[in-house]
Structure formats: structure tokens, C-alpha cells
Amino acid sequence: MPLRPCDHGRHRPNFALPQQSHSSPIACWHGPSNPLKTSIPPQVVPLTALRQTIREWCERHGVAQPQAANAAANEAALAPLGPELQGLLASLRGGDVRLRGVAAGKINNMFIDWQRTPAILDMAEARTAAFKDMMLDLLWLLRHGDYYGAGVAAAALSQADAAMRVGEDVRHLLATLGALPAARLLHATDVYAQHSAARFLSIMRGLLGGELAAHVAGAGALSALCRQLQPGFPYVRCSAAVAIVAIMEYLPNRTELRRVGGVQALRRMVVEVYEAEDAGPTKQMHARYDCRDAAHALIAACATDEELAGQVPDSFVDHEGVLELTADMLRVFRSCGQAWIEGRVPRPGQGLDPQEEEELTSSDEEAAEAGEEAEEEEAHARADESEWETDEEGA
């Protein structure tokens, strides 16, 4: 159900405020191997309806229903994170939509502070428990909040990977319930909300699946993300590039990205890394992040040499000895490590740590599979076109 604008730039909620439900038992039913997840729409639903769906599924299949966690035990697990957390949870779950958005903004800031606090960084289990405890409430706000509330909810949820280290079951739940609301939020008039939606979708790599990716693309996500690739966008653009990868890896038809100018916008982001060579270290670092993720998106889009060709800065000669951007160069940029991004090594392929080497190997295998699939799809398309032309001639 689409968000409907009302006065003062806010959205009118489509459902009554949700009843509370602990997220852990629900999350286990959305794991990658559970057939129940296919019967739940890929959008936020009222928690009462979600519990009823789970109850009916259990009855049909003769299995025990998931039990809610003990409230006292859950509160004890969150206690080491400080008293402020319980107050923010109460504010997130009560009051009107605007006040919930204010609470979500404070929670997002708290998540950021946790990553800078060594004592809390050591409390991995407590941080994960806190995220799970508020995840459904943040998902509800992503769907029904005003632009600010939905934006900060998306920003908080986007920290699931880096800050909270949640498992696959939770990440699949986030994808199932949050991908479509985030795709709609990309079209918000508020730029921060657009950026936060892109950040949320950027953690969806390997999670969307073909059907959900098609729905996200059908909601206009690719065109909205391409607008964030433009040089004048006020926030970092690499999130939009990674979000495009998350969608494109499941789409058999890559023409939509080309239709909205995405390939050329991504190519420009790659080339801009050379234009930032004489800039300060911060601007250079941002340009290298953009270059890496834009290169990944171009690989996912199966960009051809013809699409990559064009005028490039003269500094290309100084670094690579060529005058054209090629698929091989994209792979070099895609494989860069943090050492190059931070300016500690001169070339993008240098200074990789063991984890980056492993990720690179995995990425190369995925790219090879994607390339083979793309060639097969193009061959099928050409065969279908030839058959159609033959039929037309016979008619």
C-alpha cells in the first residue's frame, strides 16, 4: 500500500498502531529455509495479522507455535547498555507517529555512538539483542512514519550489518518486510530520507531474491537511485551504487538501468576518482569509495566496452597507461582494499588483507556466474527475436 502524503509533509498511517510482539520468534519464521516466508507479503503488515498467519500455518502443519521471549530476561540482557535504552524503547512504542520518529532519531544516534565506545563494542550479544528488540518497531516506522521518522528508521536499520552483526534470519526478515517500503521512500521529497532508504537497500545484497527484486525495481527504485548518483547529491553516493548492485544481481533484464541513464552515471562516478587526485584527503577518500562501488554496479549491469568507452582524464595515462575505461579496469577498482581507499597504498589492487582477498575471490565467482547468465539471456532474446521475425515473414 503506497504512502499517502498529508499536511506538513508527513504521511498518514494506513493501519492502527501495532500491538507489541517480540521480534525473535517472528524472525525465525522468516529464515531462508522456512516456507512460511513465501506466504507473507513482502511489506510491513500489522503484527496482529502476522501472528495470526503464523498461528494458522502452525495449525496446518502440526508444529508448535513460537513463544515470546521472557520480558524480564530480555530486559536483563539489555541492561548493560544503559538506562537510556529502555526509555527510548518506550518512546518508540508509544505516542503519535511524530514522537516515535523523534525516538528513532535518538536511537540512530545511539547506534552511531556505540560504534565509537570500546566498552559497548565488546558487548556484541547485548547490541544484537537490542537491535532485535526494536527491529519490528523501526520497520513499522519505516512504513508509516513521516519523512523524518521513516528516514531515521531506515538509517538505524541499515546498521544491522556493520554495527549489530545480526544473523541471516534477521537479515532475511529485514529484506522481506523492509525492502518495498524503502523503495517507496526513495521517492520522498526529503533528501535525507532518500539517502537513508538507499543505505537500507545497500545491505540487501544476497537477500532480495528474484520476485522481491522485481517488485523493488517495479516501484521505481532504479530511477530514484540513479538520481542519487548525480554529482550534486548532498550525501555520499556509494550507498546508491551498492543498492543498485543488490537489485541488479537478481534481475534478468538489465535494460531498465540503461533506460534511466544509470550506466553512464556510474561510469562518470568511476572516472571522477582521477579528478579528485589533487583534492584533500577526505574528498579523495569519498571519491574512491564511490569509484569502487560504482565499478561493482557496472559489473553487475554487465556494462559493455562500448558503454564504457569515451573521453577520460589525461591522468589515466599516468596511472594505467591506457586512454579508455575497460571491464578489466572495473575489476581492478572493484577489488580495491581499504588501504587504497584511505591513501596508504598507491594502486587499488595493493594492500588487501586476508578477508578482502577472500571477498574478492567470492565476488569474482559471482561475477563470472552473472556474466554467463547474461550471455544466455541475450542468446535467448536474440533467438526469440529471430523466431518472431520468421513468423512475421511467413504471415
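Anything mentioned here points back to the structure above.
In short, a report on the structure. (Residues numbered from 1 in each chain as written. Predicted model: local features only at pLDDT ≥ 70, side-chain atom pairs only at ≥ 80, totals over all residues. Heavy atoms only, no water.)

With respect to the pattern of salt bridges
Move 1: Summed over all chains, the structure comprises ten salt bridges.
Move 2: For the salt bridge of R116 with D113, the shortest nitrogen-to-oxygen distance reads 4.0 Å.
Move 3: For R116, a relative accessible area of 64% gives the class exposed.
Move 4: Notably, a salt bridge pairs E272 with R237, separated by 2.6 Å at the nearest N-O pair. Residue E272 is located in helix α15 (residues 262-275), and its partner R237 is located in the loop between α12 (221-227) and α13 (238-248); the two are separated by 35 residues in the primary sequence.
Move 5: Given the relative accessible area of 15%, E272 is considered buried.
Move 6: One salt-bridge network, held together by shared partners, links R93, D133 and D137. (Salt bridge = Lys/Arg side-chain N within 4 Å of Asp/Glu carboxyl O. Buried < 20%, exposed > 50% of the residue type's maximum accessible area, 1.4 Å probe, protein only. Helix = DSSP H or I, 4+ residues; strand = E, 2+ residues; numbered from the N terminus.)

With respect to helix α10 (residues 191-202)
Move 1: Across its twelve residues, α10 extends 17 Å between first and last C-alpha, which sits within 8% of the 16 Å expected from 1.5 Å per residue.
Move 2: Counting buried positions along α10 yields nine of twelve residues, so the element is predominantly enclosed.
Move 3: Tucked inside the fold, the buried residues of α10 contact α8 (147-157), α9 (168-185), α12 and α13.
Move 4: Residue D190 occupies the N-cap position of α10, its side-chain oxygen lying 3.2 Å from the main-chain nitrogen of Y192. (Expected span 1.5 Å × (residues − 1). Contact = heavy atoms within 4.5 Å. Polar contact = N/O pair within 3.5 Å; in protein donor to acceptor, adjacent residues only side chain to side chain.)

Topic: the packing of aromatic side chains
To describe a pair of aromatic rings, one takes the distance between the centres and the angle between the planes.
Move 1: Counted according to the given criterion, the structure contains six aromatic pairs.
Move 2: With a centroid separation of 6.2 Å and 40° between ring planes, the pair formed by F111 and F131 is classed as tilted. Residue F111 is found in helix α5 (residues 97-114), and its partner F131 is found in helix α7 (residues 124-144); the two are separated by 20 residues along the sequence. Here F111 matches F131 in class, with each residue buried.
Move 3: Arranged with centres 6.1 Å apart and planes meeting at 35°, the rings of F333 and W340 form a pair that is tilted. Pair check on accessibility: F333 and W340 agree, each one buried. (Phe/Tyr/Trp six-rings, centres within 6.5 Å; stacked < 30°, edge-to-face > 60°.)

Note that all results are geometric; they support no functional claim without further evidence.
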